[in-house]
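# Chains, contacts and geometry: an overview
Spelled out from the first residue to the last, the chains are:
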There are 2 protein chains.
Amino acid sequence: MKSVIPVKLPQQSYDIRIAPGGLDYLGPWLAAGSGPDLGPDSGPLVRPGQKLLLVSNPVVFKHYGKSAIASLEQAGYSVSPLILPAGERYKTMRSIEKIHNLAFEQRLERGSAMVALGGGVIGDMTGFAAATWLRGIAVIQVPTSLLAMVDAAIGGKTGVNHPQGKNLIGAFHQPKLVLIDPTVLATLPVREFRAGVSEVIKYGVIWDRPLFEALEAAPRFDRQRTVSDDLLQMMLTHSCQAKADVVAADEKEGGLRAILNYGHTVGHAVESLTGYRQVNHGEAVAIGMVAAGKIAEEMGLWEASAVQRQQVLIEKAALPTQLPAGLNIDNIAIALQSDKKVQAGKVRFVLPQQIGAAFVSDQVDPALVRQVLTQIQSA
Amino acid sequence: MKSVIPVKLPQQSYDIRIAPGGLDYLGPWLAAGSGPDLGPDSGPLVRPGQKLLLVSNPVVFKHYGKSAIASLEQAGYSVSPLILPAGERYKTMRSIEKIHNLAFEQRLERGSAMVALGGGVIGDMTGFAAATWLRGIAVIQVPTSLLAMVDAAIGGKTGVNHPQGKNLIGAFHQPKLVLIDPTVLATLPVREFRAGVSEVIKYGVIWDRPLFEALEAAPRFDRQRTVSDDLLQMMLTHSCQAKADVVAADEKEGGLRAILNYGHTVGHAVESLTGYRQVNHGEAVAIGMVAAGKIAEEMGLWEASAVQRQQVLIEKAALPTQLPAGLNIDNIAIALQSDKKVQAGKVRFVLPQQIGAAFVSDQVDPALVRQVLTQIQSA
């Protein structure tokens, strides 16, 4: 079961390769060179002999660092590993400085590359460090969390957090290759697996009705070992294809791409107000999808039965559907106003119209937002 | 005397406007909207009502801050000024953090913009801060030094220095508009004026023989008040056109654009080894052009008479033609190896073939480099 999904962009296209055991082929695939724009003699994605920084976190590196490095070194690359602490609170300019310092020490050149082996935090930071070293060198994304596989690693969004807001500092920088090896999910903590499922459900709601219906038909998907290999491959390929479709249509988030933010308006506020610790990103998005679904329902845009079907999927993933206890609704309203997606002072929501289709609206009445948030307060 | 030079790029084209007194029209031009891709009803470059950060240095702001802000506010913008200390040694991530902090405080949105009013340091920093805020917001370049007018403000190179190397951290980020008001050169210190002339001579050598010959015909150009309005306009329009041509052909420095680095290989090493203080950028480039010219001559690529004509122009601009006293040639050789432009360990030089044409070579014998550097050591 191997899938190759091309992401077609005007300036640089690249492949998402989904292959169980693919981590062992990281080096050969980089050296062989492949991609939607590339013919058979196109040359390597990164020239063998080049220097690579491999950035990872302690847990992922312990499990997969050795085999990734072995694969790269056998293909002729010179690899310098850098282990950064795990967690959203380390996604800062200080970590970028550490990557840049090693890039200087190792004398990386314009033909060198950085490899992100880890979850979304490692991917975002490594991508941003590569985007800003020598005005942009190549980055290879090797996501090891389900969330990063279906979302963060694809599409070129990179960045770090500002002390006062998430992802405020960043750049668009497309990878040369996204390599997804589903077997690494075996060591992913269950809570992080569920966080990834949250984004998979999102693609079902906004883009891919067959994916939504496959999840409805599955007996369970609340942990990796309850998911069949076939369903996992479908979740990955459909989610990556959805993201690739949307990104190809709108690389820099001028329009369509904004629908990927479904569940993220309230989600970001919840993450931010809980200090990025109590609630993880996927959980926050789940709560945000519940909120956005109810807003769409109240505005007469989405039928109640569909809202209910979404609710069932989120519960089946063992994801939260209510605001965390103690969260003040006034504070959420203030946080919504400082969101990156605010335009001319208007908060923007992604609202579903049917299962498989959504649109962006800045016409949501703030009073309705408060009403819905009150409905989903913890008892 | 007003000139508009379009910079045509696949993703975003923009105009360079060269107009004496143009600073007073900054606001109206942003609001009116104009550009090579834009029809008459294309809408503003930045929507009036939007927030602007105006970044400047103390001296430039004292002279021109008031009129720039007045022009912007009269056109309906809300302007927050930020004054950063002048000088290459402040071109650091710390300054970027200051800009980002103000961007957060002022709640800049994706439709907001940053305006760089100053020389190359202000332009590079403001451009990089804009490139990395919310993954890229608009930047307007209003260069006030001759060097920034003919080089740094055009072409989208932005960035800051790493503690161990110049411009190692950065991104490509094209401006929405470059506004050049030559009248502001009246307050530019003479040494900085000459530094700009160094880049003008560079364009003559690598791209524009008529510009080179106009400089040869001019009685003097060693200070602003010795240059006629006509010659100044020609220096600006020809230099900007040269840069626009080269950048349009090669936005990301894949090939042709590298010729703009004429004089910069040895130049960067000289700047770096003198701590960016003793020798300024234009002076370093002048020394670098002398070195590269002699290397080309020794390799039989450029005729001796042309090398001599270049020498005469550099001397006429009162720019240095010898290495600063005390600079060790071994150290220059080491610095050359850590240059951003090194590929596969090979140092790259831009070499003239005739007046108006140059090419990039990585085939220069290191022994020849040392021989030429010895020739231009101070007595």
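Keep in mind that what you see is a predicted model, and the values were worked out from it rather than measured. (Residues numbered from 1 in each chain as written. Chains lettered and ligands numbered in written order. Predicted model: local features only at pLDDT ≥ 70, side-chain atom pairs only at ≥ 80, totals over all residues. Heavy atoms only, no water.)

Moving on, we come to the pattern of salt bridges. A pair can form between side chains of opposite charge whenever their charged atoms are brought close. Scanning all chains against the criterion turns up 26 salt bridges over all chains. Measuring nitrogen to oxygen at the nearest pair gives 2.6 Å for the salt bridge that ties E283 of chain A to R191 of chain A. Pair noted here: E283 of chain A is in helix α10 (residues 281–298) and R191 of chain A is in helix α6 (residues 190–206), with a separation of 92 residues, a long-range link. Across the salt bridge formed by E97 of chain B and R94 of chain B, the nearest N and O atoms sit 3.4 Å from each other. Highlighted residues: E97 of chain B and R94 of chain B, both in helix α3 (residues 93–105), separated by 3 residues, approximately one helical turn. (Salt bridge = Lys/Arg side-chain N within 4 Å of Asp/Glu carboxyl O. Helix = DSSP H or I, 4+ residues; strand = E, 2+ residues; numbered from the N terminus.)

Describing an aromatic ring pair means giving the distance of the ring centres and the angle of the ring planes. Residue and element names in this part refer to chain A. In the structure shown here, the tally under the stated rule is 2 aromatic pairs over all chains. Here the basic side chain of R17 rests over the ring of W29, its NZ or CZ set 4.5 Å away from the ring centre. The ring of Y203 carries the charged tip of K202 above its face, separated from the ring centre by 4.8 Å. (Phe/Tyr/Trp six-rings, centres within 6.5 Å; stacked < 30°, edge-to-face > 60°. Lys NZ or Arg CZ within 6 Å of the ring centre and 35° of its normal.)

Residues and elements named next belong to chain A. Mapped onto the present numbering, the UniProt feature "binding site: NAD(+)" (unreviewed entry) falls on G120, V121, I122, G123, D124, T144, S145, K157 and K166. Turning to its location among the elements, G120 is positioned in helix α4 (residues 120–132). When residues no more than four places from it in sequence are discounted, the contact partners of G120 are S145, A148 and A152. With respect to the element layout, S145 can be found in the loop between β6 (138–143) and α5 (146–152). (UniProt positions renumbered as here; feature names shortened; annotations may be inferred. Contact = heavy atoms within 4.5 Å.)

This next bit is on the relation of the copies chain A and chain B. The operation relating the two chain copies consists of a rotation about an axis and a shift along that axis. Overlaying chain A with chain B gives an RMSD of 0.0 Å, the required rotation being 180° about an axis along which the chain moves by 0.0 Å. What we have between these two chains is a two-fold relation. Both copies present the same face, since 100% of the interface residues in chain A are matched by interface residues at the equivalent positions in chain B. (Least-squares fit on C-alpha atoms with pLDDT ≥ 70 in both.)

Moving on, we get to the packing of α3 of chain B against helix α4 (residues 120–131) of chain B. All names here are of chain B. Taken N-terminus to C-terminus, the directions of α3 and α4 make an angle of 55°; their axes are 9 Å apart at the nearest point. Relative to α4, the element α3 is oriented oblique. Relative to α4, α3 is oriented so that their crossing is right-handed. Counting all contacts with α3, which are made through M93, S95, I96, I99 and H100, the residues of α4 involved are M125, T126, F128 and A129. Grouping the constituent residues of the contact of α3 with α4 by class yields 6 nonpolar, 3 polar and no charged. (Axes fitted to C-alpha atoms, helices over the stretch in contact; angles between N-to-C directions. Parallel < 35°, antiparallel > 145°, perpendicular 65-115°, else oblique. Left-handed = near helix turned anticlockwise from the far one by under 90°. Nonpolar A, V, L, I, M, F, W, Y, C, P; charged D, E, K, R; others polar.)

Right, let's talk about the environment of A68 of chain A for a bit. Residues and elements named next belong to chain A. Mapped onto the elements of the fold, A68 is located in helix α2 (residues 58–74). Under the relative-accessibility criterion, A68 is labelled buried at 0%. Here the alpha-carbon distance between A68 and N280, two residues 212 residues apart in the chain, equals 27 Å. Residues within four places of A68 in sequence aside, it is in contact with L23, L26, L54 and L117. (Buried < 20%, exposed > 50% of the residue type's maximum accessible area, 1.4 Å probe, protein only.)

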